[in-house]
Amino acid sequence: MWVTTHVLAGLAIAAALGGPWWLVLVAVILAHVLMDLIPHWDYTRSRHGVIYGCCDFLAGLTLWLVAWLVLGMPFWLAFMGPVSGAPDWDVLFAELRGHPDVHWFPSHWKRFPHGRSGRLWGIGVQLVFMAASVAVVLAARPR
Ligand SMILES: [Zn+2]
């Protein structure tokens, strides 16, 4: 899924669990793997994948800053948002290196059953994840 979707899900998990740090860390990384199983649409195979990727990373970074500085989540807890999206650096670096199929993170390996779908479902399912995550963050965030 998109970095933005992973960051929001990570923020929601962090807000809901609230700690301890090691449990939140394991949960957000595991969530990344599980979310990659769900059929979704990625921009990596589109014509402007690197441009979309850079925008996606910037949006993810912005969401972390908003959670920390605007919503008042503790720094370490809000940082679990970008941690949840961090495995996708693997995808961006692979694209930039010109080896889009060589990855280190398990849910990006070729043999992993990475969920793929058309745009309508693939974007829609991510929008649902994002909306649910925002609702959880707003309702459960510790300040
Ligand atoms: Zn991923």
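Summarised in this report is the structure supplied together with it. (Residues numbered from 1 in each chain as written. Predicted model: local features only at pLDDT ≥ 70, side-chain atom pairs only at ≥ 80, totals over all residues.)

## Notes on the overall build of the protein
Along the protein, the regular secondary structure elements total six helices and zero strands. Listing every helix and strand of the protein by position from the N terminus yields α-α-α-α-α-α. Its C-alpha atoms give the protein a radius of gyration of 15 Å, near enough to 15 Å, the size a compact globule of 143 residues would have. For the protein, the C-alpha atoms occupy an extent of roughly 40 × 30 × 25 Å along the three principal directions. In the protein, once contacts between residues fewer than 6 apart in sequence are set aside, the share between residues at least 24 apart is 74%. (Helix = DSSP H or I, 4+ residues; strand = E, 2+ residues; numbered from the N terminus. Rg over C-alpha atoms; globule rule 2.2 N^0.38 Å. Contact = placed C-beta atoms within 7 Å.)

## Points about the nonpolar core
By size, the foremost hydrophobic cluster in this structure holds 25 residues, and its most contacted members are Leu11, Ala12, Ala14, Ala67, Ala78 and Met80. The set of elements that each furnish at least two residues to this core consists of α1 (3–17), α2 (21–37), α3 (49–70), α4 (75–85) and α6 (119–140). Sorting elements by how many residues they give to this core places α1 first, with nine residues. For methionine 80, the contacting residues outside a window of four places in its chain are Gly10, Ala14, Val24, Leu25 and Val28. (Core = buried A, V, L, I, M, F, W, Y, C linked by C-beta atoms within 7 Å. Buried ≥ 20, exposed ≤ 12 C-beta atoms within 10 Å, placed from the backbone.)

## With respect to unusual backbone geometry
The omega angle of the peptide bond from glycine 19 to proline 20 is -5°, so this bond is cis rather than trans. Tracing the backbone through its elements, the reader meets proline 20 in the loop between α1 and α2.

## Some remarks on α1
Under the 1.5 Å per step criterion, the end-to-end length of α1 is 21 Å for 15 residues, consistent within 8% with the ideal 21 Å. For α1, the tally of buried residues reaches 13 of 15 residues, placing the bulk of the element in the interior. Count one or two residues on from α1 and you reach glycine 18, which has phi positive near 75°. (Expected span 1.5 Å × (residues − 1).)

## A word on the environment of phenylalanine 75
Checked against the element boundaries, phenylalanine 75 lands in helix α4. Along the sequence, phenylalanine 75 and tyrosine 43 sit 32 residues apart, while their C-alpha atoms lie 30 Å from each other.

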